[in-house]
Amino acid sequence: MPRYILKRLGQTVLTAWITVTVVFLLLRLAPGDPAVNYAPPNPTSEQLAAVRQEFGLDQPLLSQYLTYLGNLLHGDIGTSFQFRQPALQVVMDRLPYTVTLAVAAIAVTAALAIPLGVWMARRGDTAPELGANIATIAGQSMPDFWIGFVLLIVFAVNLQWLPSSGFTSTSAIVLPCLTIVVLQVALISRLVRREMAVNLAAPYLTIARSRGVSERRLTWRYAFANSSIPVVTALGTRFAAMLNGVVIVEVVFKWPGVGELVVDALSRRDFPLIQATVLVTVVLALVVQLLVDLLYPLIDPRVRLGQEARS
Amino acid sequence: MTDVAAPSGIARRLLRRSAAARKARYSTIKIWVGAICAGIVIIPVALARVLPLPDPVHGVLKETSLPPFSPGHLLGTDPNGRDLLSRILHGGQTSLLIGVLAIALSGVIGIAAGAAAGYFGGWVDTIVSRLLEAQMSLPLLLMLLLVVALFGPSVPVITLVIAVAQWPEPARLTRALVLVEREKPYVAAAQVLGLGRLKIIVRHIVPNILSQTLVVVFLLLAQAVLLESALSFLGAGVQRPYPTWGGIISDGRELFVTGAWWLVTIPGIAIALLVLGVNLLGDGLRDRVRRAKAVTG
């Protein structure tokens, strides 16, 4: 077990390194000059050169990269061009908002999608199930930013029940959360249905039924317990993906999370801030994935980690 | 189904209500509803240049911000007096063009890489599988945004970015299917006959798995259209004033507070209808392909 965790942590470091390298190279190789955004208006070439020198952008690519990696190893992930303060600090200020939104969204998703999926599996191939099936496909078919706007128009502008944007009160989380949940419920409930359908048709269930086990117990203690690993995996993966910034939803609702931060940093070509955001969120997502994998033996005693890493 | 000679004691009516028959009927319903939803959007978009529509780029200044069902403007106009219907249909051409090119590209890359990984195994499989895993752990939308924001939002860049984002799915499926297929006797027969490996893959294995793979590639069209609209919404779409779906919604977002709800709502309905149609059609076809495979073995 400790060996397994060590191995996974090693993979996390490797993935994080590949990611920051790709981002670093993409930023430097792309056309355009970040110095323009940080020099005085109508800058002279001397002023631009001074800005470039201040940011270390006048160095050759390789030496910039080595300096960056060296600083990373010392725990320094760069200084934001626009905020003139450590990029890590800027990211950490925004991270709680994204985490709050992600936790709320995944909790609501699980609470809705699991019962819905179980119900669809039990009513397999009947007319109500076809209706629910088409509804979940519809849930996956709407652009998320559009769902956000429609919710805004209905609840914030017309009914004025809920605040429209930013993080002004606790009720501000309702609309962004709802926007995320529509798509996630559609995806997860279909997965639950698929997994449950397999287990509901399995021979062990027939045997249990013939012994007189109640339908409720058959559904939850037998079929659902055996479907739970893929479901937990999917919920974990979705949650990890949300930590990378629910970019679109954050932009629509002006939610002050890391997704909005990175879009803003991109438009200003704030290289250190972009790199820091990507690094922090990728590591966080990988750690969440690892924690989810560590849950497997608790859910299903047959699972031994390290022998077969993924089911 | 109904041509099957019914065993005695089982009425045709009961057969029709059996689970298998119901499944078949439901996939037919999905295919039809899907085809209709997609058709409602695709056909007018395809005919955008033929239909008598106002100019999508240059508006009429005295007809600004008209609501839907105004005379001459079925879906209304934006604050620049441009006809919304015309903008949606012309924008759809760009969105669909990007979507179709992207899935064609990712389909070719995915099938080729997946087939090679599945048939050759060894180091080819290792490289492809590692690449697939690496891409899984990258924050996708962020990467796409990064590339488009930095290299400029042109049709080729966006197409390429979406294709790269989507190749894992057909690749993984093709690899899994080829792993099964290569153990079948006809492959051994082809090898004994001395056929080249490339020929065995292209002429013998791939045709046997193509129907299943193509359905998945077709389903990617839904994702591609959504991705493209998300990118244009974030300002990383094809440049204005040329309309794209995400761009029209993005333009409209500052205005819905003023009551111009149609600028946001209606283009979204167009996207949702098309994507729903593609998803339903793909889902129904997938059920059908699976059943055909199960019957023929």
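None of these values were measured; they are calculated from a predicted model.

Draft legend 1. Main features of a nonpolar patch on the surface. All names here are of chain A. A surface patch of nonpolar side chains, amounting to about 350 Å² of accessible area, comprises Leu14, Trp17, Ile18 and Val22. Mapped onto the elements, leucine 14 comes out in helix 1 (residues 2-29). The partly exposed category is assigned to leucine 14, whose relative accessible area is 48%.

Draft legend 2. Structural context of the domain arrangement of chain A. Looking at chain A, the domain boundaries give domain 1 (1-74) and domain 2 (95-269). For domain 1 of chain A versus domain 2 of chain A, the distance between C-alpha centres works out to 36 Å.

Draft legend 3. Highlighting the interface of chain A and chain B. On the side of chain B, 38 residues touch chain A, which itself brings 41 residues to the contact. Summing both sides of the interface, chain A and chain B together bury roughly 3600 Å²; the carbon and sulfur share of this comes to 81%. Together, A:Asp125, A:Phe145 and A:Trp146 form the three largest contributors to the area buried by chain A at its contact with chain B, with a combined 17%. The tally of links from chain A across to chain B stands at one salt bridge. We note a salt bridge from A:Arg190 to B:Asp283, for which the minimum N-O separation is 3.3 Å. One can count six residue pairs in polar contact (both at pLDDT 80 or more) joining chain A with chain B. Contributing elements (two or more residues each) for the side of chain A that touches chain B: helix 1, helix 6 (127-141), helix 7 (144-158), helix 11 (247-252), helix 12 (258-267) and helix 13 (271-299) of chain A. If you tally residues by element for the side of chain A that touches chain B, the top one is helix 6 of chain A, at eight residues. Residue composition of the side of chain A that touches chain B, by class: 31 nonpolar, seven polar and three charged.

Cut-offs applied
Residues numbered from 1 in each chain as written. Chains lettered and ligands numbered in written order. Predicted model: local features only at pLDDT ≥ 70, side-chain atom pairs only at ≥ 80, totals over all residues. Heavy atoms only, no water. Patch = residues over 30% accessible without salt bridge, like charges linked within 9 Å, V, L, I, M, F, W, Y side chains within 5 Å. Areas by Shrake-Rupley, 256 points an atom, 1.4 Å probe, with all protein chains shown as cover. Salt bridge = Lys/Arg side-chain N within 4 Å of Asp/Glu carboxyl O. Helix = DSSP H or I, 4+ residues; strand = E, 2+ residues; numbered from the N terminus. Buried < 20%, exposed > 50% of the residue type's maximum accessible area, 1.4 Å probe, protein only. Domains from an automatic or database assignment. Contact = heavy atoms within 4.5 Å. Buried area = accessible area lost by both parts, 1.4 Å probe. Polar contact = N/O pair within 3.5 Å; in protein donor to acceptor, adjacent residues only side chain to side chain. Nonpolar A, V, L, I, M, F, W, Y, C, P; charged D, E, K, R; others polar.

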